[in-house]
Amino acid sequence: MISHHKPASGAHVGANLSVSQIMWRVVLALTPATAFGLWLFGWPAIFLFIITVTSAILFEAFCIRLKGRPTKPVIMDGSALLTGCLVAITLPPWAPWWIGVVGSGIAIILGKQVYGGLGQNLFNPAMLARVALLISFPIEMTTWANVSPLFFGDSPGIIEGLHITLSGLQNLDAYTGATTLGYIKTEFSQHRILPEILKDYSPTLNFIGWTRGSLGETSSVLMGLGGVWLIRQNIIQWQIPVSLLGTVLLLSSVFYLLDSDHYVSPFLYLNSGAILCVAFFIATDYVTSPNTPTGQLVFGAGCGLLIFVIRTWGAYPEGAGFAVLLMNSATPLIDYYIKPRIYGRDRKGKPLEIPKP
């Protein structure tokens with residue numbers, strides 16, 4: 001006689017959301033911060049954003065067509081749109097048009113399609129594009145526009161904005177300056193200390209995003225709110241954002257307490273650069289991050305550690321892109337050593353004992 005036992009849980013988990021629903025919700029979460037950044041930097045940023053996103057979609061369609069597959073279902077899943085948005089918000093908002101096109105091409109073709117398409121890529125496509133552009137075109141990728149909100153007196157009009165997007169900022173030095181992190185790095189090389197460097201620094205303006213930087217570096221509060229909404233929607237899990245931000249918070253607090261003249265405060269650290277964008281929208285990429293909650297904690301902590309090390313002692317003011325790519329390469333190793341328990345087996349892989357009736 002066979003005894004039947006009611007299982008404690010199912011062997012299979014069903015997904016409530018499709019790929020396209022997930023992609024569109026992430027785009028929606030990015031919308032407030034992106035819209036604020038586009039308003040903050042005016043028409044040049046709007047034109048560059050449109051060019052970058054459109055290029056990503058066209059590159060995706062081109063690659064799918066080469067494979068002989070119908071393009072419409074792939075384009076409509078929103079993955080190319082999301083990749084284009086992520087590439088666009090990592091660029092200087094007044095960068096020339098070709099930066100957006102090259103960035104989208106790298107992200108879609110080299111970062112995604114050469115591995116087989118959606119779900120097969122080894123590295124985060126947007127960060128691969130960001131790092132490749134930064135290394136290849138350092139001047140264009142480190143020329144930052146001053147805040148010039150749309151419809152304000154000093155904001156470029158449509159024609160001037162289009163001219164900036166088509167030609168870049170080579171002859172517009174009066175419109176440019178350094179980001180907070182870049183300015184600190186430069187002043188440190190002049191042997192100045194933080195109290196002198198940050199005498200004009202406004203924490204409030206920096207928090208709301210009224211500062212130079214990419215669209216993903218401006219409004220920390222809107223990026224954070226979008227990320228929290230994704231967690232509440234169960235689109236992403238809390239492990240990577242919490243461990244990444246917690247690691248940066250811990251390290252910056254310790255070093256700031258040890259020497260506040262040469263190490264920035266935790267508040268400035270968390271509200272400068274693209275750290276919140278990376279924590280919620282980049283590092284949480286399903287494909288390039290570990291599968292298990294424990295592995296995700298390790299992954300996030302590794303990203304946070306590398307960001308702190310590169311920002312503090314490296315040559316680049318912002319180390320988020322490099323940190324994510326390095327940890328992407330470590331994801332298979334993390335998944336190898338930190339594995340989920342197989343249904344019907346213990347953590348060591350041995351079969352569970354079935355209780356006798």
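Predicted, not measured: the structure shown is a model, and the values here were computed from it.

Right, let's get into the overall build of the chain. Helix and strand content of the chain: 16 helices and 2 strands. Computed over the C-alpha atoms, the radius of gyration of the chain is 22 Å, within 12% of the 21 Å expected from 2.2 N^0.38 for a compact globule of 357 residues. Across its three principal axes, the chain shows a C-alpha extent of roughly 85 × 55 × 30 Å. Out of the 357 residues in the chain, the part that is buried amounts to 48%. Nonlocal contacts in the chain, meaning residues at least 24 apart in sequence, comprise 76% of its contacts between residues at least 6 apart. Taken as two groups, the 21 positive and 17 negative side-chain charges of the chain have centres that lie 18 Å from each other.

Below, the discussion takes up the environment of glutamate 187. Of note, glutamate 187 is situated in helix 8 (residues 180-188). Separated by 10 residues in sequence, glutamate 187 and isoleucine 197 have C-alpha atoms that sit 6.8 Å apart.

So, about the packing of aromatic side chains. According to the stated counting rule, one finds 14 aromatic pairs in the structure shown. Ring centres of tryptophan 39 and phenylalanine 152 lie 5.9 Å apart, and the angle between their planes is 80°; on these two criteria the pair is classed as edge-to-face. Remark: phenylalanine 152 occurs in the loop between strand 1 (144-145) and helix 7 (158-167) and tryptophan 39 occurs in helix 1 (residues 19-66); sequence separation between them is 113 residues. Judged by relative accessible area, phenylalanine 152 falls into the partly exposed class, the value being 43%. Taken together, Phe255, Tyr263, Tyr269, Phe308 and Trp313 form an aromatic cluster joined through their ring pairs.

Once that is clear, we can look at unusual backbone geometry. With a phi close to 75°, phenylalanine 151 is a non-glycine residue in the positive phi region. Look at phenylalanine 151 and you get exposed, because its relative accessible area is 70%. In this structure, asparagine 234 takes a positive phi of about 65° despite not being glycine. With respect to the secondary-structure elements, asparagine 234 resides in the loop between helix 11 (220-232) and helix 12 (239-258).

For the rest of this paragraph, the subject is helix 12. End to end, helix 12 covers 28 Å across 20 residues, agreeing with the expected 28 Å (1.5 Å per residue, within 8%). Restricting attention to buried positions, one finds in helix 12 the residues Gln239, Ile240, Pro241, Ser243, Leu244, Leu245, Thr247, Val248 and Ser252. Its buried side turned inward, helix 12 meets helix 13 (266-270), helix 14 (275-282) and helix 15 (293-313).

What counts and what doesn't
- Residues numbered from 1 in each chain as written.
- Predicted model: local features only at pLDDT ≥ 70, side-chain atom pairs only at ≥ 80, totals over all residues.
- Heavy atoms only, no water.
- Helix = DSSP H or I, 4+ residues; strand = E, 2+ residues; numbered from the N terminus.
- Rg over C-alpha atoms; globule rule 2.2 N^0.38 Å.
- Buried < 20%, exposed > 50% of the residue type's maximum accessible area, 1.4 Å probe, protein only.
- Contact = heavy atoms within 4.5 Å.
- Lys, Arg positive; Asp, Glu negative; His and termini not counted.
- Charge placed at Lys NZ, Arg CZ, Asp CG, Glu CD.
- Phe/Tyr/Trp six-rings, centres within 6.5 Å; stacked < 30°, edge-to-face > 60°.
- Expected span 1.5 Å × (residues − 1).

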